[in-house]
Every structure is written in C-alpha cells, then in structure tokens.
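A closer look at the structure
Listed below are the residues making up each chain.
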Amino acid sequence: MRILTRYILREVSSHAVIGVALFTFIIFMRDLGRLLELIVRNSAPVATVAEIFFFTLPATFTITLPMGVLVGILIGLSWLPIAR
C-alpha cells in the first residue's frame, strides 16, 4: 500500500468511526425512553432489554454507516494539504 493511500485511509477512517458512533448514539436516543420504560414500569429483565437493543443494531447501522462514512470522507479530505 502506498504512503498516500495509507495516509488518506487513516484520516478518513478515524473520522468515519467517530461519525458512525455519534449518529448511532443519536438514533438510539429516541428508543432510550421506550427501553427505560420497559425496565422501570414493566420490570423487564435487563437481559431482555439488552437483547432488544442488540437486535436493533443492524437496522440502525444501515442508516448510520453511510452517514458516518460520508462525514468521515468530508472531514478527512478537508484536512489534506493542497499542493500548489
């Protein structure tokens, strides 16, 4: 792998991971109320709530992965120096 390719991949991937984590957190904030209601009002076991949480991860990643990669590309490539 060439040096420039590794540099670009490192810049983009670090920002993409942060973007995916942030967007996943934002998407799960809307479901957090329902999950907490299951625990508090219905006395559901934590294992059941964790199972629901992990079963919703694939559907959430179909939304957040493209958004996070786009943010990673935009931020990562904007930091590259312009050769003149």
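Refer to the preceding data block for the structure.
Below is a summary of the structure that appears in this document. All of these numbers come straight from a predicted model, not from anything done at the bench.

As a packed pair, helix 1 (residues 3-40) and helix 2 (residues 46-78) sit with axes 6 Å apart at the nearest point and diverge in direction by 145°. For the element pair helix 1 and helix 2, the recorded crossing hand is right-handed. By residue class, the composition of the contact of helix 1 with helix 2 is 22 nonpolar, nine polar and one charged.

Before going further, it helps to spend a moment on the pattern of salt bridges. Using the criterion set out here, one finds two salt bridges in the structure. With a shortest N-O distance of 3.9 Å, Asp31 and Arg30 are connected by a salt bridge. Overall, Asp31 belongs to the buried group, its relative accessible area being 16%. On the accessibility criterion, Arg30 (58% relative accessible area) is exposed. Asp31 is the partner of Arg34 in a salt bridge, and the nearest nitrogen-oxygen pair spans 2.7 Å. Of the two residues, Arg34 and Asp31 both sit in helix 1, three residues apart, roughly one turn of that helix.

About the criteria used
- Residues numbered from 1 in each chain as written.
- Predicted model: local features only at pLDDT ≥ 70, side-chain atom pairs only at ≥ 80, totals over all residues.
- Heavy atoms only, no water.
- Axes fitted to C-alpha atoms, helices over the stretch in contact; angles between N-to-C directions.
- Helix = DSSP H or I, 4+ residues; strand = E, 2+ residues; numbered from the N terminus.
- Left-handed = near helix turned anticlockwise from the far one by under 90°.
- Nonpolar A, V, L, I, M, F, W, Y, C, P; charged D, E, K, R; others polar.
- Salt bridge = Lys/Arg side-chain N within 4 Å of Asp/Glu carboxyl O.
- Buried < 20%, exposed > 50% of the residue type's maximum accessible area, 1.4 Å probe, protein only.

This is a description of form; function is not addressed.
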